[in-house]
Amino acid sequence: MTSQSPRALVDDFRHTFEHIRTELGRVIVGHQSVIEEILIAFFAGGHVLIEGVPGTGKTLIVRTLAQVLNLSFSRIQFTVDLMPADITGTRMVIERDGRREVSFYRGPVFAHVLLADEINRATPKTQSALLEAMAELQVTAAGETYRLSPPFFVLATLNPIEMEGTYPLPEAQLDRFLLKVVLPYPDSKAMQRIIGSTTAAETPKVNAVFDAANAASRVEELKTLVREVLVAPHLEEYAAALVRATIPAGSKFVPAETAVLPADDFINRYVAFGSSPRGGQALLLGAKVRALLAGRVNVTYEDIDRIAVSALNHRLVLNFAAHADGIDPRYLIERLLHAAKRFHR
Amino acid sequence: MPAETLGIAGVERRLRVLRRRLNFFAVEDLAYRLGTLLVLAVALLWVLERHASAAQFRLVGCVTIAICAIGAAAAFAKLRRRWMTMEGTARVADRRACLEDRLAALLTHRARSQRSPLGSILLAQVFSLSARWEPHILAPHRVPRSAYGFVASLAVLAFVAAPTRQPSLLQPAPVQTGEAAEARTDGEHMLAFQRLRVMSGEPANTTVANGVATTGGEDLRGSRARAPAGAGGKPAQPDLPSQGDGSGGSHPAEAHSAPGDAERNRRVDGGQGVVRNHDGTARHPAPDEKTNDRGTTRATAPGPRGANDTAHRTENDQARETETAAAPHTDPRRSERAEKGASDNPQPGGSLAAREGSGRAGGLLGERPASTRAPGQGRTFPLKLSASSAAAPTRFEPQRGRSSDEAPSAEIADAVPATPSLGERDVPDAPLHRAEISPEHEAVVRRIFNRK
């Protein structure tokens, strides 16, 4: 933390956030809620999985964000033949001054902002190459561990169609993403503005919010501030209860205890595996950012509820019955939130 | 001491006040609930103690005590759940004052070993909103709703306990049938009469036998009978033999009867215009009795009568038993005996009815003959419904909403046949005269009042 007063820090956070959103809005037409959630995940120190049909601006959002933050940016197009070393880097024999020496050639993962485009087209082995980097901000290659410089922010895009030749992400990989946001089709007016602005001779320009020299440190400052936000014990209990409620009652991994929230029939019927504790972390971290954006330094129930769908929907592993009945995990979580309203009192 | 610490201490102080109020309210609520339970239990036991048997009282009492114990345990468990900690108080204040969990978060911040730099902002926000969460605003002193239940239970208890102090308010006076009331009045008259005699210095061997006062063996029936004769509409018969037919209604004590008795007796007799005497015998009423039922029958008296009353009644029963055994209940004989009685006793009023009634007695009474009744049971009228219906070709609708003291309605009077047509040798009853007061009675009363 800097020597700024806490009030100044909070105000700076809100101002920075609004500034980034405004700059993104110059390029990205519409999708305000998606941009907000991406920024929440960014300042919460997590990663975002963006799901959307092609052409809706997924890659544009990420690239523009990197420009606005003035951070290093890498893009990996995931394909079937992509290897883990293509992501993390590999040891290469380099001839220098007449001498050959083995040195580590850093892969694209060594960047502040990483765009993993169409991540489900790579094999699970390659997908898993990101696991360590996302969770621990480090890469291990040839027995050596290399630290990633913070901030490290992964935005992976997922194409829900063209499922042939794709590999669903492992649950462990999915769990590493703080939020999963769905990018819908833009509405008519947004569509008109998109096609007008992208086909004109003059393309919109964005201004960087941070200086290149201290961008990373500034972002880290703001991320630290987020973690200082206060959470009352009963709100931590509420977040834990929400996560616990996503686990079906018949699961053999459920501890023998009485759930705080009543078990939902739909959860028991359609969910094979519920959320992990990372879901609870995502709830609280996202809620903290929302609290700061609202000018508060403490979390409320509403903060948790508003982030719950994005934080939990990709952590529910649905069973065959859910797929057969066309059940969306977002619907299940909204049901849970509705049932948890009584917890607010 | 840092300002933040002082500020948090101030918040804690205010929260403690709020907590004290909330906990006091919870205790108060518990006390009222327990009080309600106990008062209701006492009321229930009170009622049971007065109206239930010992076994029922024991059973319901145990159940009540068990319910009270369970209720008390539940109330204490609820109190334990409602008992406020500081964190709980902060949550309540947050919720009631719409503080968005700021107080709870501030307490969390206080408990942290490494305080957040944002704590000061939170404290400032809490103080800026302090007007919202004043303890007297969030938890004003008020009476719990359970107090109303307690008051209601007290009212129930007072209602239950009221009969002990004012029995007339809750326990209506036992409904006295006309005959009972009349008999009691009659008995009281006789007792008062006897008491007057004692007070006036009359001989101590004065007795009251079956409502007839005798002094030294002198039968005062004749003189006594003259007094109620005006009411009964029958002249007294001083020379009536003591073991004679008492069913003639000439007994002076029998002269008084409630009008309800006459009506009831008429119904029992099928509206044939027959009135019934105390021993079950029936007779036709005199013409003046038709217009004024008062005094037509002798009420069976549950009042204090004395042993002589029983003795006298036993004599009458014996005489009637003899008569009943000798006379089968067939209409020819009854009419014959009626004719005989009319010729033997030409006194107007009562004699014909007496003989007619005595002839019908065996048929209208129940299976048990009148002679088999034990002394003191003369008050009962063991009637068979079949006998009543057989004797009543036209049944009257029940006179609902009418007390026994009311005179029979017009339709009943129309339905009841008038005085049966007199035979050639029958003599109509004499007109009603006002009874003369017996000289003995008058002398006694005068002596007493002169002495005072």
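Residues numbered from 1 in each chain as written. Chains lettered and ligands numbered in written order. Predicted model: local features only at pLDDT ≥ 70, side-chain atom pairs only at ≥ 80, totals over all residues.

1. Some thoughts on the overall build of chain A
Scanning chain A from N- to C-terminus turns up 15 helices and 11 strands. Taking as baseline every contact in chain A between residues at least 6 positions apart, the subset at least 24 positions apart corresponds to 77%. (Helix = DSSP H or I, 4+ residues; strand = E, 2+ residues; numbered from the N terminus. Contact = placed C-beta atoms within 7 Å.)

2. A closer look at the overall build of chain B
Of regular secondary structure, chain B possesses 18 helices and 5 strands. Pairs at least 24 apart in sequence give 73% of the contacts found in chain B among residues at least 6 apart.

3. Some words on the nonpolar core
With 117 residues, the main nonpolar core has Val-48, Leu-283 and Ile-304 of chain A together with Leu-103 of chain B as its most contacted residues. Non-local contacts of Leu-103 of chain B, meaning those with residues more than four positions away in its chain, are made with Val-11, Leu-15, Ala-90, Ala-93, Asp-94 and Val-126 of chain B. (Core = buried A, V, L, I, M, F, W, Y, C linked by C-beta atoms within 7 Å. Buried ≥ 20, exposed ≤ 12 C-beta atoms within 10 Å, placed from the backbone.)

4. Side note on helix α9 (residues 215–227) of chain A
All names here are of chain A. Its 13 residues place the ends of α9 19 Å apart at the C-alpha level, agreeing with the 18 Å of an ideal helix rising 1.5 Å per residue. Of the residues making up α9, those classed as buried are Val-219, Leu-222 and Leu-225. Looking straight down α9, one finds that the buried residues subtend no more than 115 degrees of arc, so they occupy a single side. Tucked inside the fold, the buried residues of α9 contact α1 (6–27), α2 (32–44) and α3 (58–69). (Expected span 1.5 Å × (residues − 1). Arc of directions from axis to C-beta.)

5. With respect to the packing of helix α1 (residues 3–51) of chain B against helix α5 (residues 119–128) of chain B
Helix-helix packing is described using two parameters, namely the angle between the two axes and the distance between the axes. All names here are of chain B. Interhelical geometry of α1 versus α5 gives an angle of 45 degrees and a closest axis separation of 10 Å. As the angle between them shows, α1 and α5 are arranged oblique. Our pair here, α1 against α5, has a crossing hand that is left-handed. Here Glu-4, Gly-7, Ile-8 and Val-11 of α1 lie close against α5, whose contacting residues are Gly-119, Ser-120, Leu-123, Val-126 and Phe-127. For the contact of α1 with α5, the per-class residue count stands at 5 nonpolar, 3 polar and 1 charged. (Axes fitted to C-alpha atoms, helices over the stretch in contact; angles between N-to-C directions. Parallel < 35°, antiparallel > 145°, perpendicular 65-115°, else oblique. Left-handed = near helix turned anticlockwise from the far one by under 90°. Nonpolar A, V, L, I, M, F, W, Y, C, P; charged D, E, K, R; others polar.)

6. Let's talk about the sheet that holds strand β8 (residues 153–158) of chain A
All names here are of chain A. Sheet architecture is open: 5 strands sit in the order β2-β5-β8-β1-β9, paired in parallel fashion. At either end of the open sheet lies a strand with only one pairing partner, and these are β2 (73–77) and β9 (179–183). Shown here is a sheet whose adjacent strand axes are inclined to one another by a mean of 20 degrees, direction ignored. (Pairing = 2+ DSSP bridges.)

7. Thoughts on the interface of chain A and chain B
Listed as interface residues are 17 residues of chain A and, on the opposing side, 16 residues of chain B. Mapped by element, the contributors of at least two residues to the side of chain A that touches chain B are α1 and α10 (233–245) of chain A.

8. Looking at unusual backbone geometry
Residues and elements named next belong to chain A. With an omega dihedral of 0 degrees, the bond running from Pro-150 to Pro-151 counts as a cis peptide bond. Take Pro-151: it is sitting in the loop between β7 (144–147) and β8. For Glu-118, which is not glycine, the phi dihedral falls at a positive 50 degrees. Take Glu-118: it is sitting in the loop between β5 (113–117) and α5 (124–127).

9. Side note on the pairing of β9 of chain A
Residue and element names in this part refer to chain A. Within β9, 4 of the 5 residues are buried, which leaves it mostly tucked inside the rest of the structure. With 5 bridges joining them, strand β1 (residues 48–52) and β9 adopt parallel strand pairing. Note on β9: the bridge partner recorded for Glu-51 is Val-182.

10. Considerations on helix α15 (residues 329–339) of chain A
All names here are of chain A. When we look at burial in α15, the residues that qualify are Pro-329, Leu-332, Ile-333 and Leu-336. One side of α15 carries all its buried residues, which in axial view fall inside an arc of 95 degrees. The inward-facing, buried residues of α15 abut α10, α11 (265–270), β10 (271–273), α13 (301–312) and β11 (317–318).

11. Description of the packing of α1 of chain A against α2 of chain A
Residue and element names in this part refer to chain A. At their nearest, the axes of α1 and α2 sit 11 Å apart, and the two run at 135 degrees to each other. By the angle between their axes, α1 is oblique relative to α2. Judged by the twist between their axes, the crossing of α1 over α2 is right-handed. Facing Phe-17, Ile-20, Arg-21 and Leu-24 of α1, the residues of α2 in contact are Ile-35, Glu-36 and Leu-39. The class makeup of the residues in the contact of α1 with α2 is 5 nonpolar, no polar and 2 charged.

12. A word on the pairing of β8 of chain A
Looking down a regular strand, the side chains alternate between one sheet face and the other. Residue and element names in this part refer to chain A. For β8, the buried fraction is high: 6 of the 6 residues fall into the buried class. Alternating positions in β8 separate into two faces, Phe-153, Leu-155 and Thr-157 on one and Val-154, Ala-156 and Leu-158 on the other, with burial throughout. As paired strands, β1 and β8 are joined by 4 bridges and run parallel to one another. Across the sheet, Leu-49 pairs through a bridge with Ala-156, a residue of β8. Examined bridge by bridge, β5 and β8 share 4 bridges and lie parallel to one another. Bridged to Ala-116 within β8 is Ala-156.

13. Quick look at the environment of Arg-14 of chain A
For Arg-14 of chain A, the position within the fold is in helix α1. Once residues within four sequence positions are removed from consideration, Arg-14 of chain A is found in contact with Leu-292, Leu-293 and Gly-295 of chain A.

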